[in-house]
Amino acid sequence: MRSHSLVAALSLGSAALALRGQFPVDTADKIDIQPLDIVNLNVPPYSSSTEQWRFEEGPPENATGNLIFDTVHSLLQHWPNTRYRNGHIIVPGMIPTSTLLYHGTDRNTIPSEPDWTATDPEHSIDFARGRDGNDWHLTLAATRPLKVLYFDGSSAAKMSEGTMDTQDIIAWGEVQAERYFDERRRIKDLCRWGKEFGIDGFARMEMDFEVMLCDFTAGVEVVSFLHVRLLPKDENPYLPRLPSPPRLPSPPPSDFDSRIRAFEVMHSGSWHNRYPGDSRIVLDLTGLISLYDIALAPSLVPVRAGLERWDHRVLGISSEDISQVKRKLTEVISRPHPVNSGIDWKTLIHVIVDRYADRLELMEYLLNFTSSESQEVLQRAKLSQTQLRVMVTPYLLDSVVVPSTGASGVDALQWASPIFGLCATTHTSVIVNQIPFMTPSEHLLLKAVEETTREICRVTTKMWAVGVMSGLDALFPIELDGEPDVTQIMNDWKQDIQKLMFWLDWSIWIKCRPGCGPEEMCYLPTWPENFPGLPWDPQNIMDTSEGDYLTEPPSEIEDPLFFFETPTEEWRKPQPKCIRRFSPYGF
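Residues numbered from 1 in each chain as written. Predicted model: local features only at pLDDT ≥ 70, side-chain atom pairs only at ≥ 80, totals over all residues. Heavy atoms only, no water.

Novice: So what exactly am I meant to see when it comes to the overall build of the protein here?
Specialist: Looking only at helices and strands, the protein features 16 helices and 14 strands. Put simply, 77% of the contacts in the protein that link residues at least 6 apart link residues at least 24 apart. With an accessible surface of roughly 25,800 Å², the protein has 53% of that area assigned to carbon and sulfur atoms. (Helix = DSSP H or I, 4+ residues; strand = E, 2+ residues; numbered from the N terminus. Contact = heavy atoms within 4.5 Å. Areas by Shrake-Rupley, 256 points an atom, 1.4 Å probe, with all protein chains shown as cover.)

Structure representation (C-alpha cells):
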C-alpha cells in the first residue's frame, strides 16, 4: 500500500482553515479519495498567510524567473532561438549512440583537427562545394554517447552583437566581441578546455543545428564519405575565398541550385522550430547554467536594466562572475555520477506552457473587441468570464464565499486568494518534497517555475474574481447594487492580459498571421541570409569549407563594400513572414 499525504493550511483574516487528507490505494487498486478544499500552500517561497497571495503584488522589477522559464522551454528549438539570438544558457548534453552527424568539405580527407558537423545533411551539404568539382560529403555515426555542451541562442551566427558571448567566456575567460569571426581559434580553444572533462563537442545553432566536433576519430565512425555532384562539371562559379573577393562576378545560371540549397538549410532548421526541438541532442537540465541567474551573475543585472530583451547579452559581466560561472560549469561536467531529484523538468515546463499558451492567446483575442452596443459588450464580457473560469476551474473551492457587493478596493478580491494559491502551487506543492535531492540547477528551475506560475495565476485569478464581483459569472451569482461598467472591465482585462503575455514573452505566440499557404513556410530573419550589410553573397559562405571562411573578421577587408552595417530594426527585432518554398523564395 502506498499513501500520500497533503496537509493544507490557509488563513483567511482571523479565521483559519486546516485540513488533512490522504489518498490510500488498496490492494484492489481502488482509490479512496478524501475531500480536499485546499492543497498545501505552506511551501517555499510562500507561507500559509493570505498576505503571500495578494493580487496587487506582481513580480519584482529585476525578476528573471520568467526569462529562465522561457529560455529553458526554448532549448534546442530553432524558432525562439532565432528570435532571441543572444544566448544565456550553457547546459551539458549527450548525443546518443548511432546518431548521424554530417560534414561537408572540398577535400577528400577526414578532418584531423576540430571541425564542424551538422545534425541535418541539408546543412552540411552546402559546405561541400569546392573548386573543380571537389564536393565531398562525410556521414558519421556516434559509436558511444558523445558528451557535449550546448550554447543556446543563435550561437553559431557570426555577429558582434552577442551571439558568441557565452562561448567567449569559456574559451577565453572574457567576452571578446571583436573576435566574432575567429571561429577556427574558438573551436580549438573550446576543445582544448573541454578535453580535461571528456567533452567531445559543442552544440550550437545558426540556420540549423551543428556540433563542433573535437576529434573525428573518437566516439564516431565513418558511415560514408561520398564524392557528390552539386553542379555541372563544366561550370566553375566559385568566388575567391575571403578575405580577398573584391570582384563579385555575376553567378552563372546554374547557381540557381545554390539558392535551392540555401532554402533547404532554412527548411531543415524549421523542422526543429517548436517543442521538442532537435531531439538528437539530449540535455541534462540538472546541470543547467543560466546567465539570467541573478545569484550566479549579479553584475549583469545593471547591464540589462532598461534594455529590451533583444539587447540582452553577456558583455559587461564581471571577471568575478565569469570565474563563478566557470567554476560552477566545471563542477557540473565533472560529476562522476550525477545525483538529482529525478524530476522531468523539460516536460513539467512544457505542460505549463501547453496549459496556458492557447488559453491566454484566446483571451487576448476575445478582449480585442470594441462595440458601441452595450449588449454586445456584455455578451463578450460574459464569454471572456467563462474562459477565465475554465482556467481556474480545477481550483474552484466549494467553500469559497463571495462577499457582498459593497466591498471595494483590492482587498475586496482576497476571498479568491485560496484559488490563487492553489493555482500557483499545483505543479510544485509535491515537488518541494524533493528539494533535499535537487542540484543547484534544479533549485533554479523550481524557482523559475514558481515565479512563472505565480504570476499567471495572480493575473488570471484576479481577472476572474473581478468578473464574479461584477455579476458576470453564472456559477457564482451575486446581487448587484447597480450596473457594472462592463466596458471598463473589458479594458482593464485587456491591459492585464497584454502585460502578462508581454512578461511571459513565449515565442509560441509569434507566428505568421494569416497562416502561410501550402507553397509557403513561416520564416524569421535568419543569419546569414538576412544579416544587414553582409560583406559577401550569403551563398558564398556555403561555397567553401566552414573553417576556411571563419578565420579573419571581414572588417579587415579594405573595400568599403565589405563593411558590416549597423543592424536594422527589422533585423534586431525579427518578425515572422511567409516565404515561398520555391524560387523566388523571398528571404
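Novice: Can you help me understand the state of the cysteines in this one?
Specialist: Among covalent bonds in proteins, the disulfide is the one between the sulfur atoms of two cysteines. For the structure on display, the rule yields 4 disulfides. Each sulfur of the disulfide joining C512 and C522 lies 2.0 Å from the other. Here the disulfide of C512 and C522 is right-handed, its torsion about the S-S bond being about 95°. Of this pair, C512 sits in the loop between α13 (486-504) and β13 (520-523) while C522 sits in strand β13, and the two are 10 residues apart along the sequence. Overall, C522 belongs to the partly exposed group, its relative accessible area being 22%. Each sulfur of the disulfide joining C516 and C578 lies 2.1 Å from the other. Between C516 and C578, the disulfide has an S-S torsion of -95° and is therefore left-handed. You can see C516 sitting in the loop between α13 and β13 and its partner C578 sitting in strand β14 (residues 577-580), a full 62 residues away along the chain. Its relative accessible area of 27% is what places C516 among the partly exposed residues. Along the protein, the cysteines that take part in disulfide bonds pair up as 1-2, 3-4, 5-7, 6-8, counted in sequence order. (Disulfide = S-S within 2.5 Å. Buried < 20%, exposed > 50% of the residue type's maximum accessible area, 1.4 Å probe, protein only.)

Novice: Where do I start with helix α9 (residues 345-367) in this structure?
Specialist: Structural remark: α-helix, 3.6 residues per turn; residues separated by three or four positions point the same way. Here α9 contains 23 residues, and its C-alpha end-to-end distance of 33 Å stays within 8% of the 33 Å for a straight helix at 1.5 Å per residue. At Y356, α9 shows its maximal bend, which comes to roughly 25°. (Expected span 1.5 Å × (residues − 1). Bend = angle between axes of the 7 residues up to and from the residue.)

Novice: How do you make sense of the packing of helix α1 (residues 65-73) against helix α12 (residues 440-469) when you look at a structure like this?
Specialist: The relative placement of two packed helices is expressed as an angle between their axes plus a distance between the axes. Where α1 meets α12, the axes come as close as 8 Å, and the angle between the chain directions of the two elements is 110°. For the element pair α1 / α12, the angle class is roughly perpendicular. Between α1 and α12, the residues in contact are G65, N66, I68, F69 and V72 and L444, L445, A448, V449, E451 and T452, respectively. Along the lines of polarity and charge, the residues of the contact of α1 with α12 split into 7 nonpolar, 3 polar and 1 charged. (Axes fitted to C-alpha atoms, helices over the stretch in contact; angles between N-to-C directions. Parallel < 35°, antiparallel > 145°, perpendicular 65-115°, else oblique. Nonpolar A, V, L, I, M, F, W, Y, C, P; charged D, E, K, R; others polar.)

Novice: I keep staring at the nonpolar core and nothing clicks. Help me out?
Specialist: A general trend in soluble globular proteins is that nonpolar side chains are found buried together. Counting residues in each nonpolar core, the largest one holds 88 residues, and the members touching the most others are W345, Y356 and W464. Sorting elements by how many residues they give to this core places α12 first, with 13 residues. Listed in part, the 30 residues of the second largest apolar core include I169, M212, V314 and V325. (Core = buried A, V, L, I, M, F, W, Y, C linked by side-chain atoms within 4.5 Å.)

Novice: How should the packing of helix α10 (residues 374-392) against α12 be read in this particular structure?
Specialist: It is at 9 Å that the axes of α10 and α12 come closest, and there the two elements cross at 130°. Taken together, the axes of α10 and α12 are oblique relative to one another. The two elements α10 and α12 cross, and the hand of that crossing is left-handed. Two secondary-structure elements touch here, α10 through Q385, L388, R389, M391 and V392 and α12 through T460, T461, M463, W464, G467 and V468. Taken together, the residues of the contact of α10 with α12 break down into 6 nonpolar, 4 polar and 1 charged. (Left-handed = near helix turned anticlockwise from the far one by under 90°.)

Novice: Just checking my understanding: could you explain the side chain of D168 for this structure?
Specialist: Within the secondary structure layout, D168 lies in helix α4 (residues 165-171). Here D168 falls in the buried class, since its relative accessible area comes to 1%. There is a polar contact of 3.0 Å between the side chain of D168 and the backbone nitrogen of Q176. (Polar contact = N/O pair within 3.5 Å; in protein donor to acceptor, adjacent residues only side chain to side chain.)

Novice: Can you help me understand α1 in this one?
Specialist: The element α1 is largely enclosed, with a buried count of 9 among its 9 residues. Restricting attention to buried positions, one finds in α1 the residues G65, N66, L67, I68, F69, D70, T71, V72 and H73. The inward-facing, buried residues of α1 contact β3 (89-95), β12 (289-290), α9, α12 and α13.

Novice: Looking at this structure, how should I read the confidence of the model for the protein?
Specialist: Detailed reading of the predicted coordinates is not advisable wherever pLDDT is low. For the protein, the average pLDDT comes to 85, and 80% of its residues sit at 70 or higher. The low-confidence segment residues 1-48, where pLDDT is below 50, has 94 contacts with residues more than four positions distant or belonging to other chains. Confidence drops under a pLDDT of 50 for residues 535-545, and excluding neighbours within four residues, the segment shows 38 contacts in the predicted structure. (pLDDT = per-residue confidence, 0-100.)

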